[in-house]
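Chain by chain, the residues run as shown.
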Amino acid sequence: LHHLDLTIAIPEIARVLRPGGRAVFLEPLIHNPILEGYRRLTPHLRSPTERALSMVDIAWIGRHFRSYQHREFILFSILPVLLAALTGQREGLHRWQDRLEKLDRALMERFPFVGRYCWETVIVLER
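None of these values were measured; they are calculated from a predicted model.

Q: How should the overall build of the protein be read in this particular structure?
A: When its secondary structure is counted, the protein shows five helices and three strands. Once the C-alpha set of the protein is aligned to its principal axes, its extents read approximately 50 × 35 × 20 Å. Relative to its full complement of 127 residues, the protein shows a buried share of 39%. A fraction of 77% describes how many contacts in the protein between residues 6 or more apart in sequence connect residues 24 or more apart.

Q: What am I meant to see in the pattern of salt bridges here?
A: If charged atoms from side chains of opposite charge come close, those side chains can pair. This structure, assessed with the given rule, holds five salt bridges. The salt bridge partner of R39 is E36, with a shortest N-O separation of 2.3 Å. Within this pair, R39 and its partner E36 are both found in helix α2 (residues 33–41), separated by three residues, close to a single helical turn. Relative accessible area serves as the criterion here: at 13%, R39 is assigned to the buried category. With a relative accessible area of 15%, E36 lands in the buried category. With a closest N to O distance of 3.1 Å, D57 and R51 form a salt bridge. Linked through salt bridges whose partners overlap, the residues forming this network are R22, R66 and E126.

Q: Where do I start with the layout of surface pockets in this structure?
A: One simple way to see leftover space: roll a probe sized like a water molecule over the atoms. Considered as a void within the structure, the largest pocket measures approximately 310 Å³ in volume. Contributing to the lining of the largest pocket are 18 residues, with P28, R39, R46, E50 and W119 lying nearest its centre. Elements represented by at least two residues in the lining of the largest pocket include exactly β1 (22–28), α2 and α4 (79–87). Of the residues assigned to the lining of the largest pocket, the class counts are ten nonpolar, one polar and seven charged. One number sums up the size of the second largest pocket: a volume of about 170 Å³.

Q: Honestly, the sheet that holds strand β2 (residues 67–73) in this entry has me stumped. Any pointers?
A: Sheet strands pair by backbone hydrogen bonding; their relative direction is either parallel or antiparallel. Pairing within the open sheet is antiparallel, and its three strands lie in the order β1-β3-β2. Across the chains shown, the open sheet's two edge strands, defined by having one partner strand only, are β1 and β2. Ignoring which end each strand starts from, the neighbouring axes of this sheet average 15 degrees apart. Of the strand pairs in this sheet, β2 and strand β3 (residues 120–126) are connected by seven bridges, and their pairing is antiparallel. Following the sheet pairing, Q69 is matched in β3 by V124.

Reading guide: rules and limits
Residues numbered from 1 in each chain as written. Predicted model: local features only at pLDDT ≥ 70, side-chain atom pairs only at ≥ 80, totals over all residues. Heavy atoms only, no water. Helix = DSSP H or I, 4+ residues; strand = E, 2+ residues; numbered from the N terminus. Buried < 20%, exposed > 50% of the residue type's maximum accessible area, 1.4 Å probe, protein only. Contact = heavy atoms within 4.5 Å. Salt bridge = Lys/Arg side-chain N within 4 Å of Asp/Glu carboxyl O. 1 Å grid on protein atoms, 1.4 Å probe; cavity = no way out; pocket = protein on both sides within 12 Å on 5 of 7 lines; lining within 4 Å. Points joined across faces, edges and corners; volume = space filled by probe spheres on them. Nonpolar A, V, L, I, M, F, W, Y, C, P; charged D, E, K, R; others polar. Pairing = 2+ DSSP bridges. Axes fitted to C-alpha atoms, helices over the stretch in contact; angles between N-to-C directions.

Here it is, written out as structure tokens:
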């Protein structure tokens, strides 16, 4: 979705999805200032029309469907990925990533509002 004009794509998805059908999307989020800084530093990694979604976008998308859900992932666990991308160093980062994924899950369980600052969200739309 983050590569598309939502005002065209969402009504079309709602139109072609059969009643009771589900559409599932994995999308980047825009609210994390560190990730937005990384995106600005690495525009060559994205297409010119690519745009991460906001919570307002997700709510707007959801209004076109009978129901929708979203769940966010990757808060602090993005740090080893960013470090590897910026330095080229990958050795040993997976151990930190595993620990940070556990921290992410615990934080979002206790404080759900921090989900908006995650890197990605999974959106489930049902017609």
